[in-house]
Each structure stands twice: as C-alpha cells, then as structure tokens.
Amino acid sequence: MRKQRVTQQSIVFGIFVVLFVGFSLFLPGFFNADNMLALLQNVAILGILGLGMAVVVIGRGIDISLVASLAVPPGLILQMVQNGYSNSTAFAAAILLMLVFGLVNGWLIAYAEVPSLFTTLASGLFLAGLGQVSFFQLDVVQWPAKLDSFAWFGRGDLLCVPTPIIMFALTTLVLGLFLRRTRLGAYIYAIG
C-alpha cells in the first residue's frame, strides 16, 4: 500500500475547503453569485501581487517593497492629475519612478550584493516615505474627474465579469507562458 504524503499545499487547500464549507453553511448569503464575484474581485489585486512575489520567490529572493510599489505610483498619478498635469505626464512620471526604483533595487541586490530582504525593506520604506513627504499633499488623494476614462480598469466589467478578475486571469496566463516557454523563465526556475 502506497503512503500518501501530506504537503503544505494540501494542508492549506484543506483549510480553505473547511472554511468555505463552514461559511457557506453558517453565513446567510455567503454562497451566492454576487458574493462570490465580489470576493474574487477583492482577491484579484492581491493575486496579481502574489504572482509578482511568486516570480521573486522562485528566483530565490524576497521583495518586501511590493506594497509601497503598489501604492505610491497610483497615488502619484492621482496627485499629479489633481494638480493640473496631463494624464500622459502623470503616467509617464509614475512609470519612470517605478523603473528607477526597480533598477536601483536590482542593482543593489545583483551587483552590490546587498541581501534582497534588507534592500527591499529599506527601499520600500524609502518609497513610502518619499511619497508621503514629497509627492502627496494630503493623506487621502481624491480621484480626479480627468481619470474617469481609466476607471473601467478597476470598476468596470466585461461580459458581467469584473475587470480585475479578467486582469488577474490574463496576468496568470501570461506569467505562466513566460515562465514555461521562455529562456528567461527557465533561468528563473534554474536559479531557484
């Protein structure tokens, strides 16, 4: 008789099943289509971040600066548009900020040989502090009307499926193809 091996994945999946069944039985309205869609939509953003972290972990690293990387560039876009800059200028500034941030992180880890834990901890704190001190005028940056054409990406839907869920599915597909079918993807697996 073959012995079944219990893995961390099976334990986590088992806990998920128990919680899901428990919530479905004991919370009225939990197991309906609208609630399931809302749960998926809320988890999709974290899922996209998780995919980025998965690539880092597969390559034997860790990135603690992900939350600052998620929050500061969109806040910069909102603040710049609110201050009268064009949408394209605001998006370009946010993309440039993230490129510089990523390149500095990469250089510190790869060439200066600073461990990724310390690099990303320090750089994440730096980016969050830079956003608070230099970029944002208030703690809460309002959504300017000039950005309403982009609201569809976070609040819209396609064939009754919210766009964050679609973006998560597409990101998962593209990342899976990248890791399995490209030379760089094979390299990431090889170093991990």
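Placed above this text is the structure.
Now for a description of the structure that goes with this document. All figures in this text were calculated on a predicted structure; none of them were measured in a lab.

Parameters at a glance
Residues numbered from 1 in each chain as written. Predicted model: local features only at pLDDT ≥ 70, side-chain atom pairs only at ≥ 80, totals over all residues. Heavy atoms only, no water. Helix = DSSP H or I, 4+ residues; strand = E, 2+ residues; numbered from the N terminus. Buried < 20%, exposed > 50% of the residue type's maximum accessible area, 1.4 Å probe, protein only. Contact = heavy atoms within 4.5 Å. 1 Å grid on protein atoms, 1.4 Å probe; cavity = no way out; pocket = protein on both sides within 12 Å on 5 of 7 lines; lining within 4 Å. Points joined across faces, edges and corners; volume = space filled by probe spheres on them. Nonpolar A, V, L, I, M, F, W, Y, C, P; charged D, E, K, R; others polar.

## Observations concerning the environment of Ala151
Part 1: Inspection of the secondary structure puts Ala151 in the loop between α5 (116–135) and α6 (152–155).
Part 2: Relative accessible area serves as the criterion here: at 13%, Ala151 is assigned to the buried category.
Part 3: Along the chain, Ala151 and Gln8 lie 143 residues apart, while their C-alpha atoms are 38 Å from each other.
Part 4: Not counting residues within four places of it along the chain, the set of residues in contact with Ala151 comprises Trp143 and Gly156.

## Points about the layout of surface pockets
Part 1: The computed volume of the largest pocket comes to approximately 910 Å³.
Part 2: What lines the largest pocket is a set of 23 residues, and nearest its centre among them are Ile45, Leu70, Pro74, Ile77 and Phe91.
Part 3: Mapped onto the lining of the largest pocket, the elements with two or more residues apiece are α2 (33–58), α3 (66–82), α4 (87–110), α6 and α7 (163–181).
Part 4: Examining the composition of the lining of the largest pocket, we find that seven residues originate from one element, α3, more than from any other.
Part 5: Taken together, the residues of the lining of the largest pocket sort by class into 20 nonpolar, two polar and one charged.
Part 6: The volume enclosed by the second largest pocket comes to roughly 770 Å³.

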